[in-house]
Amino acid sequence: MQKLSKTSRIKELVLSPNVRVIVGYTNAVIYDFKNGKAYQISKTAGILLEKVFRGNEIQKREITLKNWMREKRDNRAKIVIKNLPRFIEQLKRAEILIPFRSIRKRKTGYSKMEMGFSIPNTPTFAILECTSRCNFHCPHCYLGEKSFNWELGLATIFRILTQLQRLKVQSVLLTGGEICLREDLGKIITFAHQLGLKVEMSTNGSLLYNNKRLMRLIERYVDKIQITLYGLSEETYRKFSPDRNIFKKVVTVIERFQQRRPEIVLVTFTLNPANYQDLPVFLQFVKERKLKYKIGRTLPIGLALTDKNLLLNSCYNSFVEEFERKCLRVFTPIFRNRGCPLDRVTVLSNGKVTICPLLRDTKFIFGDVNFSDIKVIWDKRMRPIFPLFCVDNLEICKDCEFKYLCGGGCPALWNALEPIKKDKSPPCVSQYLTARCYLKPLKI
């Protein structure tokens, strides 16, 4: 049996108060919340840290490393035991293990780091889906295969905006469908601005080409306009819209805003099997024009969930995986205990209230603005259910070692992942879980 130095005894070393160890299905991760670092280690090494070096067990039972070593007889444990002195020195240098007496000197006592789960008193951001009508036919649309052409009345929108202002919401995002299909959009923007709300809008940009009056209004009153590019050629755009000149029109609109108010423009690109090959050209496009941009990937919801073949394209999946790996080479862990921001409220085009436009399932519908005030819906229906969004409370996430890197991912995926929650190694689709390849390793 490996001999241990005096300083390696459990009695003298404990986990730092800012460290949390999560032992999962296949590996373990050490989270250093103070320094913003995450370390991947073996599952056996994780058990050693979580059970043996945990401060409260030292105080209760005075377990020693030798006791633990005698209990472990499997091959993985033998590897850990063989490399134990070197591993402990690594942990000491990283200040993951610290002398127990140093905690007592500070008179702070030992307590395992908890992330906390704060619930906002009021929303700070609102999304208003003014219409479900759209002039595009995207194969991955999150609205799904049924298009009911729902639309909120102008009086209803004014009432909602007034309620949001009373709730002290800071910003409101006007979206659709395609928001520019509404002929009264100018009135909505003006009214929201007069209430003192920061106005944002999301559009495919195609209908602004011949509407200079609306463009001037946007330049005057809108704080951010998000324009989605669906490709970087007419050929790609034909997969999303029947208009043959649509690509040139959208590019012209982007360049007009860039010339007049470049600070309000955000260009987005959603990767899917119909356009992923245009991504290098998109990156060149935004960098040449010094535009702010955001890239996402198609989620298996809406039409993408109905058409099971859409996301099974092997070339597309390989491309996205490699792209995410490149992004994650400069990945800095952002520790989170939930994947969804809970400081927002969304009113859908049929009046239903949820958190995000992607959460259209009945279980995420908390009320209807046609029958209740948004404040009542927020206080009575939304806030009480928010703790269920914490990864520590999610059945599918609570035993995963990577849960604080992805925060559980998008809640819209929970239904898709539900069948594999009992699997010993669930194949999560969150891009943040790919970061396991780029966590700082501590080999043992």
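For the structure, see preceding data.
Quantities reported herein were computed from a predicted structural model and do not represent experimental measurements.

Q: Any details on the overall build of the protein chain? Residues and values, ideally.
A: A tally of helices and strands in the protein chain yields 17 helices and 15 strands. Burial analysis of the protein chain (444 residues in total) assigns 48% to the buried set. In the protein chain, the proportion of contacts linking residues at least 24 apart, taken out of those at least 6 apart, comes to 71%. For the protein chain, the accessible area works out to roughly 22,400 Å², and carbon and sulfur atoms hold 49% of it.

Q: Describe unusual backbone geometry, listing the residues and the values that go with them.
A: Only a minority of non-glycine residues have a phi that is not negative, and only a minority of peptide bonds are not trans. Despite not being glycine, Glu95 shows a phi value in the positive range, around 60 degrees. Checked against the element boundaries, Glu95 lands in the loop between helix 5 (84-93) and strand 5 (97-99).

Q: Could you give an account of the environment of Ala38, naming the residues involved and the relevant values?
A: Following the sequence through the fold, Ala38 ends up in strand 4 (residues 37-42). Taking the C-alpha atoms as reference, Ala38 lies 9.9 Å from Leu442; in sequence the two are 404 residues apart.

Q: Can you tell me about the sheet that holds strand 8 (residues 198-203), naming the residues and giving the values?
A: Read across the open sheet, the nine strands follow the order 11-10-9-8-7-6-12-13-14; overall the sheet is mixed. The open sheet has two edge strands with one neighbour each: strand 11 (292-297) and strand 14 (367-368). Taken together, the four bridges between strand 6 (residues 125-129) and strand 12 (residues 344-347) define a ladder with parallel strand orientation. For Leu128, the partnering residue across the bridge sits in strand 12 and is Val347. Seen against the sheet, helix 7 (residues 154-166) touches strand 6, strand 7 (171-175) and strand 12 and runs at an angle of roughly 175 degrees to strand 6. Relative to strand 8, helix 8 (residues 185-194) is tilted by about 150 degrees, and along the sheet it contacts strand 7 and strand 8.

Q: Describe in detail helix 15 (residues 374-382), supporting the description with residues and values.
A: For an α-helix, the turn length of 3.6 residues means that residues three or four places apart are oriented alike. Taken together, the buried positions of helix 15 are occupied by Ile374, Ile377, Trp378 and Met382. Around the axis of helix 15, the buried residues are gathered within 100 degrees of arc, so they sit on the same side. Where helix 15 is buried, its residues touch helix 7, strand 12, strand 13 (352-354) and strand 14. If you check the start of helix 15, you find a side-chain oxygen 2.8 Å away from the backbone N of Lys375, and it comes from Asp373.

Q: Hey, could you go over the nonpolar core for me, with residue numbers and the actual values?
A: Counting residues in hydrophobic clusters, the biggest one holds 96 residues, and the most contacted among them are Leu128, Leu174, Ile189, Met201, Ile225, Leu229 and Phe257. Top element by residues in this core is helix 11 (residues 246-260). It accounts for seven residues. Excluding its chain neighbours within four sequence positions, the residues that come into contact with Leu174 are Leu128, Cys130, Ile179, Leu185, Ile188, Ile189, Val199, Glu200, Met201 and Ser202. Counting 21 residues, the second-largest nonpolar core is a separate cluster that includes Val21, Leu48, Leu49 and Val80.

The rules behind the values
- Residues numbered from 1 in each chain as written.
- Predicted model: local features only at pLDDT ≥ 70, side-chain atom pairs only at ≥ 80, totals over all residues.
- Heavy atoms only, no water.
- Helix = DSSP H or I, 4+ residues; strand = E, 2+ residues; numbered from the N terminus.
- Buried < 20%, exposed > 50% of the residue type's maximum accessible area, 1.4 Å probe, protein only.
- Contact = heavy atoms within 4.5 Å.
- Areas by Shrake-Rupley, 256 points an atom, 1.4 Å probe, with all protein chains shown as cover.
- Pairing = 2+ DSSP bridges.
- Axes fitted to C-alpha atoms, helices over the stretch in contact; angles between N-to-C directions.
- Arc of directions from axis to C-beta.
- Polar contact = N/O pair within 3.5 Å; in protein donor to acceptor, adjacent residues only side chain to side chain.
- Core = buried A, V, L, I, M, F, W, Y, C linked by side-chain atoms within 4.5 Å.

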